[in-house]
Amino acid sequence: MIKNYFKIAWRNLWKNKVFSIINIVGLAIGMAVTLLIGLWVNSELNYNSHFKNRDTIAQVYQSQTFNSQIGTGNAIPRPLEAPIRNNFDNYFEHVVMSSWNFSRYLEYGDKKLSRAGSAMQEGAIDMLSLEIMAGTSEGLKEPNSIMLSRSTSNALFGKADPIGKIVKLNSEYDMMVTAIYEDIPLNNSFNELDYLIPWKHYANSQEWIKNALDNWGNNSFQLFVKLKEGVDMAAASEAIRNVKKNANEDTAEFNPQLMLLPMEDWYLRSKFENGVQVGGRIEYVWLFSFIGAFVLLLACINFMNLSTARSEKRALEVGIRKTIGSNRTQIIKQFLGESLLTVVLAYVLTIIFVLLSLKGFNEITGKEIDFPWNDPIFWIGSIVFILFTALISGSYPALYLSSFRPVKVIKGTFKTGRMAALPRKILVVTQFTISVALIIGTLVIMKQINFTKDRPMGYNTSGLIQIPVMSRDFIGKYDLMRTEFLNSGAIVEMSASSSPTTNVWSNRAGYVWEGKEPGFQEDFAWVEVKPEYVKSLGMEIVEGRDFSREFASDSNAILINETAAKYMGVQNPVGLLLRDDDENPDPPMKIIGIVKDVVMQSPYEPIKQTLYVFDKYDNISYYNLKLNPDQSASDNIKTIEKVYKTHFPDLPFEYDFVDEEYGEKFAAEERVADLAAIFTVLAILISFLGLFGLASYVAEQRTKEIGVRKVLGATVSNLWLMLSKDFLLLVLISCLVSFPIAYLLMSNWIQKFTYRTDISWFIFFSAAIGAILITIITVSFQAIKAATANPVKSLRTE
């Protein structure tokens, strides 16, 4: 019986090739989109799955209150380690202090590389489940040891045994290689951990880190923990909540609250608003899950529409089958079997589509997703997916077709009537409601990105490059290098700063000034700069003056941005002194000027109040070079490299274009926009296929009517309008339904951006026009074809 069902199904598919192709291709596109999104969602949900201890690893976060606003982050003070390690050993198996991931030079022989790594305490090896390929798992015990990832070891040593070899770190420290560990895969935190050095070495390497040992206000470190077996994450988080507040009175005014953020939340749920965890990338996971489901629904709607549309042609078949003894259940099974065969064929085509598009999909998403050929769970899921899709897409046609009464069908008195088309019209409205909503959503996302990109940056990124300063070899050579670069003709200006141009690495508090309101809790972004900083970036002085080498007093001078001027609550801040309220204060700093606001951090958020401090201790991390616009960038770079190698022959030459670095801030949203645009186009294509099939069916059903109308004098335009107006009406209804839905959804999405665009009426108008044009183009092909047919042939049609 089952074999017979599939034999009949195959004959029906083969007999109606056009409708079968539309069904199979439409389903395949919808299933391919759903499968790609499913693979992406699985990759997102399994971020950090490489770590065996994922469920028991957490990072210590702290929340602090500044003027009734709660800020939350993962930067903690160094003295926090001691009370957590000593007082909560019943909760934690490992407590691991860590630096931030930083790039340093690694040298061995004539090999010199720049690689990113961290300084961590010994428990990191077990906590991160590092797979030791060579050497010892206790590789972080010796202060002057270093552990390398496999790829870094290969780059430095090739096939030679690296264990025991001496690697020079930043041209300053001799570090002995004690272990090689397997690279951490891309879809995980610490995937850029190219090397590990002991925390002991890092803690003793610089004076400011030594001084931070008892400084509760210096939040410049990270702290990770691994829970003991059986310990509840929430209970441990609650236990440490007030550790900092109880340990240090000086910070109590900011009401510091500690918490543990589990590793499973680092990637997907690391966004906080006013001290409350509100989500993060998980929002995109939900967004694309819904898009995948809706696109699959569009494909299923096509199947339902085309199957029920051809019901009159299948009516006689159903009537005869019922007359010779088939019951309704058997007929339902036959049509579900036909649906299953269609879905199976579509799924085969789906796999082909996915394999062809996977490389491009990975480039857009920044992933390394492989097709899970050897994953039994995937194939079990595929079977369930096929059965589910077959049931969804075939249930309505099966129930509808099996309900025909055999007596009326065989007598020829069976007519589907106008009400029979109502479900198809509802499905078409549903289909285009989804498509139009997707169009609106994509346009809003693109508008938000473009709106933020067009936000005034406050400086000129054109021709601006930055060179990382990572070695002590650079100390004391700024003036020399500036002179050499300027004399080369490759640049027109140069400066240096403690943070990259596109970020701020430090924040400071604890300052008083004349006119400061009592109880005001200040928090400033802090950037140390050389005197030429404003000129090299093309920043604008709006009040006061710039730094000058002619004034010796400028060594204790600062510039502030416009936001800081408003933030301080003083009518005219130029000339004011900012004093350190510590017991051993630094000399007061004089405000000599106000610069126009500069976007240095997230372009989606308000600009933070910033202090630009005259650098007098060579506390710099980047050279900022403005290229000569009268020469090609490539020639300028070659000249700069030549000068650089003259003074630093043993160091790799590295640089970044600031405009490219700034563009990276939009990468996540641009990926979302690209994916949304692609899936919207595919959704429209599926709707196009459905309309094409329905228009073809309607034209076929009204062949005689069209012939009669032509004989009686109807023009092609009259006939085109007759065949098109019903579809256009359905699309207009879809637009009216989709507009409020899309507005509510996108209004909610756009609220997460502080700096955001508006949702204008033009977006809805454009989406409606687009949907109408697609409908006209799709329907017109069949309508004009039918309207221009020979009426004699039309009237002979049975």
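What comes next concerns the included structure. (Residues numbered from 1 in each chain as written. Predicted model: local features only at pLDDT ≥ 70, side-chain atom pairs only at ≥ 80, totals over all residues. Heavy atoms only, no water.)

## Focus on the overall build of the chain
Now for step 1: The secondary structure content of the chain amounts to 26 helices and 27 strands.
Now for step 2: Expressed as a percentage of the 798 residues in the chain, the buried residues total 52%.
Now for step 3: Restricting the contact set of the chain to residue pairs at least 6 apart, pairs at least 24 apart contribute 78%.
Now for step 4: About 37100 Å² of surface is accessible on the chain, with carbon and sulfur atoms providing 56% of the total. (Helix = DSSP H or I, 4+ residues; strand = E, 2+ residues; numbered from the N terminus. Buried < 20%, exposed > 50% of the residue type's maximum accessible area, 1.4 Å probe, protein only. Contact = heavy atoms within 4.5 Å. Areas by Shrake-Rupley, 256 points an atom, 1.4 Å probe, with all protein chains shown as cover.)

## A closer look at the pattern of salt bridges
Now for step 1: As enumerated under the stated definition, the model contains 23 salt bridges in all.
Now for step 2: With a closest N to O distance of 2.6 Å, E532 and R549 form a salt bridge. Of this pair, E532 sits in the loop between strand 20 (524-529) and helix 18 (533-537) while R549 sits in the loop between strand 21 (541-544) and strand 22 (557-561), and the two are 17 residues apart along the sequence.
Now for step 3: By relative accessible area, which is 48% here, R549 ends up partly exposed.
Now for step 4: Here D554 and R545 are joined by a salt bridge, their closest N and O atoms 2.8 Å apart.
Now for step 5: Among the charged side chains, a network of salt bridges with common partners joins D479, R482, E493, E532 and R549. (Salt bridge = Lys/Arg side-chain N within 4 Å of Asp/Glu carboxyl O.)

## Some details on the environment of K112
Now for step 1: Mapped onto the secondary structure, K112 falls in strand 6 (residues 111-120).
Now for step 2: For the pair formed by K112 and L651, sequence separation is 539 residues and the distance between their alpha carbons is 6.6 Å.
Now for step 3: Those residues in contact with K112 that lie beyond four places of it in its chain are L106, E107, D650, L651 and P652.

## So, helix 17 (residues 478-488)
Now for step 1: Among the residues of helix 17, Y478, M481, R482 and F485 are the ones counted as buried. On an axial view of helix 17, the arc spanned by its buried residues comes to 100°, and they lie on one face.
Now for step 2: Next to the buried residues of helix 17 lie strand 17 (491-497), strand 26 (622-627) and helix 20 (633-647).
Now for step 3: Trailing helix 17 by a residue or two, G489 shows a phi angle of about 80°, which is positive. (Arc of directions from axis to C-beta.)

## Thoughts on the nonpolar core
Now for step 1: If you look at the biggest cluster of nonpolar residues, it comprises 112 residues, and the most contacted ones within it are Y459, M539 and Y612.
Now for step 2: Sorting elements by how many residues they give to this core places helix 2 (residues 17-45) first, with 15 residues.
Now for step 3: Sequence-distant contacts of M539, defined by excluding residues within four places in its chain, comprise G458, Y459, Y533, V534, V595, V598 and Y612.
Now for step 4: I146, F157, A236 and V243 belong to the second-largest nonpolar core, a separate cluster that totals 40 residues. (Core = buried A, V, L, I, M, F, W, Y, C linked by side-chain atoms within 4.5 Å.)

## A short note on the pairing of strand 10 (residues 173-181)
Now for step 1: Bridge count for strand 7 (residues 132-135) against strand 10 is 3 bridges, and the pairing is antiparallel. Bridged to I132 within strand 10 is Y181.
Now for step 2: Bridge count between strand 8 (residues 145-149) and strand 10: 5 bridges; the pairing is parallel. From the neighbouring strand, I146 faces strand 10, where its bridge partner is V177. (Pairing = 2+ DSSP bridges.)

## Focus on helix 5 (residues 150-157)
Now for step 1: Of all the residues in helix 5, the buried ones are T152, S153, L156 and F157. Down the axis of helix 5, the smallest arc covering the buried residues is 105°, so these residues share one side.
Now for step 2: Next to the buried residues of helix 5 lie strand 5 (102-108), strand 6, strand 8, strand 9 (166-169) and strand 10.
Now for step 3: One or two residues past the end of helix 5 sits G158, with phi positive at roughly 65°.

## Let's talk about the packing of aromatic side chains
Now for step 1: Counted under the stated rule, the structure contains 50 aromatic pairs.
Now for step 2: Where F88 meets Y91, the ring centres are 6.2 Å apart and the plane angle is 50°; that geometry is what we call tilted.
Now for step 3: Residue classification places F88 among the buried residues on the basis of a relative accessible area of 12%.
Now for step 4: Judged by relative accessible area, which is 22%, Y91 ranks as partly exposed.
Now for step 5: On the numbers, 5.3 Å between centres and 80° between planes, the contact of F371 with F378 is edge-to-face. Just as F371 is buried, F378 falls in that class too.
Now for step 6: An aromatic cluster is built from F474, Y478, Y623, Y644, F648, F653, Y655 and F657, whose rings are joined through pairwise contacts.
Now for step 7: If you follow R455 out to its NZ or CZ, it ends over the ring of Y755, 4.1 Å from the centre. (Phe/Tyr/Trp six-rings, centres within 6.5 Å; stacked < 30°, edge-to-face > 60°. Lys NZ or Arg CZ within 6 Å of the ring centre and 35° of its normal.)

## Digging into the packing of helix 16 (residues 422-453) against helix 24 (residues 716-750)
Now for step 1: Close contact between helix 16 and helix 24 brings their axes to 7 Å; oriented N to C, the two are set at 40°. With respect to helix 24, the axis of helix 16 lies oblique. Both helix 16 and helix 24 take part in a crossing whose hand is right-handed. (Axes fitted to C-alpha atoms, helices over the stretch in contact; angles between N-to-C directions. Parallel < 35°, antiparallel > 145°, perpendicular 65-115°, else oblique. Left-handed = near helix turned anticlockwise from the far one by under 90°.)

## What about the side chain of K752?
Now for step 1: Within the element layout of this structure, K752 appears in the loop between helix 24 and helix 25 (761-787).
Now for step 2: Judged by relative accessible area, which is 16%, K752 ranks as buried.
Now for step 3: Polar contacts involving the side chain of K752 include one to the side chain of Y284, which spans 2.9 Å.
Now for step 4: Those residues in contact with K752 that sit more than four places away from it in its chain are K271, E283, Y284 and E605. (Polar contact = N/O pair within 3.5 Å; in protein donor to acceptor, adjacent residues only side chain to side chain.)

## Some words on the packing of helix 17 against helix 20
Now for step 1: With their axes 10 Å apart at the nearest point, helix 17 and helix 20 run at an angle of 145° to one another. In the packing of helix 17 onto helix 20, the handedness of the crossing is right-handed. For the pair formed by helix 17 and helix 20, the contact residues are L480, M481, E484, F485 and S488 on the first element and T639, I640, V643, Y644 and H647 on the second.
Now for step 2: Of the residues that constitute the contact of helix 17 with helix 20, the class distribution is 6 nonpolar, 3 polar and 1 charged. (Nonpolar A, V, L, I, M, F, W, Y, C, P; charged D, E, K, R; others polar.)

## Points about a negative patch on the surface
Now for step 1: Taken together, E249, D250, E253, D581, D582 and D586 make up a surface patch of like negative charges.
Now for step 2: Along the chain, the position of D582 falls in the loop between strand 23 (577-580) and strand 24 (589-595).
Now for step 3: On the accessibility criterion, D582 (47% relative accessible area) is partly exposed. (Patch = residues over 30% accessible without salt bridge, like charges linked within 9 Å, V, L, I, M, F, W, Y side chains within 5 Å. Lys, Arg positive; Asp, Glu negative; His and termini not counted. Charge placed at Lys NZ, Arg CZ, Asp CG, Glu CD.)

## Quick look at a nonpolar patch on the surface
Now for step 1: A contiguous nonpolar patch, built from W761, F762, F765, I769, L773 and I777 and spanning about 680 Å² of accessible area, is present on the exposed surface.
Now for step 2: Tracing the sequence through the fold places F765 in helix 25.
Now for step 3: On the accessibility criterion, F765 (44% relative accessible area) is partly exposed.

## Re the side chain of T452
Now for step 1: Looking at the secondary structure, you find T452 in helix 16.
Now for step 2: Within polar-contact distance, the side chain of T452 engages the backbone oxygen of Q448 at 2.8 Å.
Now for step 3: In contact with T452, not counting residues within four places along its chain, are P603, Y604, Y662, F666 and Y755.

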